[in-house]
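# What the coordinates show
The lines below spell out each chain.
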Amino acid sequence: MILTLFYMIATSIQSRRILFLKTHLSSLFQGNTNTYPSIMFYNKTLGSYKESKSTMNDYENDEFMTSCLCVNKTDARLEELLWYYGDMRLCTIFPQQKVDISSWLTYQYGKTFFPLHINNRNGNLLQSEYKLYILVEADLESYNPLAVTHATKVEDYGLIITWTANKNIDLIIESDLDMVAKFFIAAMEGQCYVNNGLLLKRIESMYRFQFCLSKYSDENSFIFFQLS
């Protein structure tokens, strides 16, 4: 009985958090698209500590403001710090950040084991009127085999459309306001290990890319072309 009561209270608190964040995000994405900010969750990863102290400070400052993948990263400035706890921060960045994905790889639709163990088929559940694109970065050097069984599944928060990898695994996910709010809340609550036991480094909303969609002969695959 007591456990049931605690569960009901926790569920109610989480629902209120999601509603509050969703309402705030909705207010930010009103009006002219040129005035939209980027919303970013940032988690300083273990990889940062491998740098020397002086290098680490420069590295952290660059990484904190926006992703190094953004073509307009030098223009990025902090607009509003919405939340922080330890090394984790949720904030708004202006102007809205953009990523050139012309050299990225298409992420296959359906169940895959490479580059991540994912069942990528969540696109039909998205609310088209609140569609957003988010960049998700996970640190490749932070693999934790013990985290695999309870890792957050990134495919629960949208459709992965393209990816690349260097020091991170980087994904562009087509999502919506409700799913993005839930993803932020999950990360803020410490659910920072994602598929394959990798540590989540960043979730950042991006400029609304437009894509021309066509199918392969394989109905479970797609080709995405960026339109100018």
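Keep in mind the model is a prediction, meaning the values are calculated, not measured.

### Things to note about the packing of aromatic side chains
Under the criterion given, the structure shown has two aromatic pairs. Ring geometry for Phe 114 versus Trp 163: centroids 5.7 Å apart, planes at 85°, classification edge-to-face. Placement of the pair is Phe 114 in the loop between strand E5 (110-112) and strand E6 (118-120) and Trp 163 in strand E8 (residues 159-165), with a sequence separation of 49 residues. On the basis of relative accessibility, which here comes to 64%, the residue Phe 114 falls in the exposed class. Stacked on the ring of Tyr 207, the Lys or Arg Lys 98 has its end atom at 4.9 Å from the ring centre.

### Looking at the environment of Leu 69
Mapped onto the fold, Leu 69 is located in the loop between helix H2 (53-65) and strand E2 (77-85). On a C-alpha basis, the gap between Leu 69 and Asp 100 in space is 7.8 Å, while along the polypeptide they are 31 residues apart.

### Here we look at the nonpolar core
Within the largest apolar cluster, 38 residues are counted, with the highest numbers of intra-cluster contacts made by Leu 25, Phe 41, Val 154, Leu 171, Phe 184 and Leu 200. Those elements giving two or more residues to this core turn out to be helix H1 (2-28), strand E1 (38-43), strand E3 (88-94), strand E7 (131-139), E8, strand E9 (168-176), helix H3 (177-188) and strand E11 (198-206). By residue number, the principal contributor to this core is H3, which donates nine residues. Not counting chain neighbours up to four residues away, the residues in contact with Phe 41 comprise Trp 83, Met 88, Arg 89, Leu 90, Phe 184, Ala 187, Met 188, Cys 192, Leu 200, Lys 201, Arg 202 and Ile 203. Counting residues in hydrophobic clusters, the runner-up holds 11 residues, among them Val 99, Trp 104, Tyr 109 and Met 206.

### Focus on the environment of Thr 149
Tracing the backbone through its elements, the reader meets Thr 149 in the loop between E7 and E8. Considering only alpha carbons, one finds Thr 149 and Gly 197, 48 residues apart in sequence, at a separation of 8.1 Å.

### Observations regarding empty space enclosed by the protein
Counted under the stated rule, the structure contains one cavity of 30 Å³ or more. In this model, the largest cavity occupies a volume close to 30 Å³. In terms of lining, the largest cavity is formed by Leu 116, Val 136, Glu 137, Ala 138, Val 154, Ile 169, Leu 171 and Val 194. Elements with a minimum of two residues in the lining of the largest cavity: E7 and E9. A per-element tally of the lining of the largest cavity places E7 first, with three residues. The class makeup of the residues in the lining of the largest cavity is seven nonpolar, no polar and one charged.

Quick notes on the rules
Residues numbered from 1 in each chain as written. Predicted model: local features only at pLDDT ≥ 70, side-chain atom pairs only at ≥ 80, totals over all residues. Heavy atoms only, no water. Phe/Tyr/Trp six-rings, centres within 6.5 Å; stacked < 30°, edge-to-face > 60°. Helix = DSSP H or I, 4+ residues; strand = E, 2+ residues; numbered from the N terminus. Buried < 20%, exposed > 50% of the residue type's maximum accessible area, 1.4 Å probe, protein only. Lys NZ or Arg CZ within 6 Å of the ring centre and 35° of its normal. Core = buried A, V, L, I, M, F, W, Y, C linked by side-chain atoms within 4.5 Å. Contact = heavy atoms within 4.5 Å. 1 Å grid on protein atoms, 1.4 Å probe; cavity = no way out; pocket = protein on both sides within 12 Å on 5 of 7 lines; lining within 4 Å. Points joined across faces, edges and corners; volume = space filled by probe spheres on them. Nonpolar A, V, L, I, M, F, W, Y, C, P; charged D, E, K, R; others polar.

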